[in-house]
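The primary structure of each chain is shown beneath.
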Amino acid sequence: MQAAPVRAIAIPTLSDAFRGIESLLMSGARRNAWTAVLEDRKRAKDRVETEHVLEAAATRTPQAT
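Nothing here was measured: the structure is a model prediction, and the numbers come from that model.

Regarding its fold elements, the protein chain presents one helix and zero strands. For 65 residues, the compact-globule formula gives about 11 Å, and the C-alpha radius of gyration of the protein chain, at 30 Å, lies well above that figure. Expressed as lengths along the three principal axes of its C-alpha atoms, the size of the protein chain is roughly 110 × 25 × 10 Å. Taking all 65 residues of the protein chain together, 2% fall into the buried category. Counting 10 positive and 8 negative side-chain charges, the protein chain places the averaged centre of each group 7 Å from the other.

Structure below.
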């Protein structure tokens, strides 16, 4: 009779657990950072469009009624 093969299972260390938690938190931080970048770009685009509208309104001459 032959003995069943023994499988070695690595027990995670505390540092492995911290690395896993850090990885999970950082993936959320990267996602939040990218969302912030996209929002900044949208605000910059809106600001430029508003400046163009204000400049056009300022240079327009009043019409006689």
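What follows is about the environment of alanine 44. Structurally, alanine 44 is set in helix α1 (residues 14–59). With 22 residues separating them along the chain, alanine 44 and glutamate 22 place their C-alpha atoms 32 Å apart.

Moving on to the pattern of salt bridges. Enumeration according to the criterion identifies three salt bridges in this entry. For arginine 19, the salt bridge is made with aspartate 16, and the minimal N-O distance between the two is 2.8 Å. On the criterion of helical spacing, the pair formed by arginine 19 and aspartate 16 is a turn pair, its members being three residues apart in helix α1. For the salt bridge of lysine 42 with aspartate 46, the shortest nitrogen-to-oxygen distance reads 3.0 Å. With lysine 42 and aspartate 46 both in helix α1, this residue pair falls four residues apart, about one helical turn. For aspartate 46, a relative accessible area of 30% corresponds to the partly exposed category.

With that settled, the discussion passes to the environment of alanine 33. Relative to the helices and strands, alanine 33 is located in helix α1. Note on alanine 33: relative accessible area 40%, which makes it partly exposed. C-alpha separation for the pair alanine 33 and threonine 50, spaced 17 residues apart in sequence, amounts to 26 Å.

Conventions and cut-offs
- Residues numbered from 1 in each chain as written.
- Predicted model: local features only at pLDDT ≥ 70, side-chain atom pairs only at ≥ 80, totals over all residues.
- Heavy atoms only, no water.
- Helix = DSSP H or I, 4+ residues; strand = E, 2+ residues; numbered from the N terminus.
- Rg over C-alpha atoms; globule rule 2.2 N^0.38 Å.
- Buried < 20%, exposed > 50% of the residue type's maximum accessible area, 1.4 Å probe, protein only.
- Lys, Arg positive; Asp, Glu negative; His and termini not counted.
- Charge placed at Lys NZ, Arg CZ, Asp CG, Glu CD.
- Salt bridge = Lys/Arg side-chain N within 4 Å of Asp/Glu carboxyl O.

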